[in-house]
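Descriptive structure summary
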Amino acid sequence: MPPSRPLPPAADAVRPLIWPRPGGAGASNDREAFDTEFAALAQRRGFRVEPLGVALGHRILLATRRPEAGAERQLLIAAGFHGEEPAGPWGVLEFLRVAPDALLERVTLGVVPLVNATGFAAGRRFNARGENPNRGYDPAIADECLSAEGAVLLGQRERVLAAARDGLLCCHEDEGVQAAYVYALEPAETPGRFSRGLVETMARFFPLVPDGQVDGCPVADGLVYNRHDGSFESWAVRHGVPAAATVETPGRADFAQRVAAQAALMTTFVELRAPG
Ligand code: NI
């Protein structure tokens, strides 16, 4: 494992981004409330929760639900890589609240609800050491460091890749924009039903970014397609995961709407990757 190298302080010297949760339920960075609600919902929906490891004093959890009858597909949802993108983790909770039993029965579903717990509590993108938890997974990209969280995920690579064997959804936000987009990776030259289906769900909630460039990547029809970088999702696809996507809800849109969109995207992800 390459050593983790802190970024210069200026890289994360921005104000924290925190939103009120709807209905007076507290703030988007309330990690204690998040942990409590996640534990209750995971238990209620029949998930078994196990730690993948500890990063900067916080356990990274993997919750897994296996239908009694068994399931031929194994899918993984991962959220909370970036601390100023809280609609992903809260979207996981909303998904666990509303997902129909019949949907959950179609696959073996793994959920990593919160990767970067210190960033989440601070409302800041990077972890408490100033590391980016979604970079450094590709050792060939020498100027990126692997974060403490990345070291946990790569340290459990067999479990993580088995959980994502038939598909991976990573739940992010772009704090600087009012429109949405999706990164997708599929083994085909042009985007298929998986990529398009996620964009269609996103478009039910937000305008899509215009064609051109977003975050330094070419984007068309709301989609950045088959871009390989040092991210977790790119790593997963290079290690055999057949379809992966990173959804980016717009950080300047209404928080409740972002949470609802994230939950809907999780539903669409399972529907698109479930058999038949
Ligand atoms: Ni992000």
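None of the values given here were measured: they were computed from a predicted structure.

Quick notes on the overall build of the protein chain
Looking only at helices and strands, one finds nine helices and 10 strands in the protein chain. For 276 residues, the compact-globule formula gives about 19 Å, and the C-alpha radius of gyration of the protein chain, at 17 Å, lands near that figure. Principal axes of the C-alpha set define a box for the protein chain whose edges measure 50 × 40 × 40 Å. For the protein chain, with 276 residues in total, the buried portion stands at 56%. In the protein chain, of all internal contacts separated by at least 6 residues, the share reaching a separation of at least 24 is 77%. Counting every atom, the protein chain has about 11600 Å² of accessible surface; 51% of that belongs to carbon and sulfur. Side-chain charges in the protein chain split into 28 positive and 34 negative, and the spacing between the mean points of these groups amounts to 3 Å.

Notes on the packing of aromatic side chains
For the coordinates displayed, the defined rule picks out 12 aromatic pairs. Ring centres of F205 and F206 lie 6.3 Å apart, and the angle between their planes is 40 degrees; on these two criteria the pair is classed as tilted. Connected via pairs of aromatic rings, a cluster forms that spans F34, F38, W90 and F120. The ring of W90 carries R21 above its face, with NZ or CZ at 3.7 Å from the centroid.

Points about helix 5 (residues 148-155)
Within helix 5, six of the eight residues are buried, which leaves the element mostly enclosed by the surrounding structure. Among the residues making up helix 5, those that are buried are A148, E149, G150, V152, L153 and L154.

Description of the coordination of the nickel ion
Protein coordination at the nickel ion: the donors are H82 (ND1), E85 (OE), E85 (OE) and H172 (ND1), at 2.1 to 2.3 Å from the metal. One can describe the donor arrangement at the nickel ion as irregular, given that its four donor atoms subtend angles of 58 to 148 degrees at the metal. Of note, the donors binding the nickel ion are all from one chain and are spaced H-x2-E-x86-H. The burial state of H82 is the same as that of E85; both residues are buried.

Cut-offs applied
- Residues numbered from 1 in each chain as written.
- Predicted model: local features only at pLDDT ≥ 70, side-chain atom pairs only at ≥ 80, totals over all residues.
- Heavy atoms only, no water.
- Helix = DSSP H or I, 4+ residues; strand = E, 2+ residues; numbered from the N terminus.
- Rg over C-alpha atoms; globule rule 2.2 N^0.38 Å.
- Buried < 20%, exposed > 50% of the residue type's maximum accessible area, 1.4 Å probe, protein only.
- Contact = heavy atoms within 4.5 Å.
- Areas by Shrake-Rupley, 256 points an atom, 1.4 Å probe, with all protein chains shown as cover.
- Lys, Arg positive; Asp, Glu negative; His and termini not counted.
- Charge placed at Lys NZ, Arg CZ, Asp CG, Glu CD.
- Phe/Tyr/Trp six-rings, centres within 6.5 Å; stacked < 30°, edge-to-face > 60°.
- Lys NZ or Arg CZ within 6 Å of the ring centre and 35° of its normal.
- Donors = N, O, S within 2.8 Å, 3.2 Å for Na, K, Ca; no water.
- Tetrahedral: all angles 85-135°; square planar, octahedral: opposite > 155°, others 65-115°.

Read these as spatial facts, not as claims about activity.
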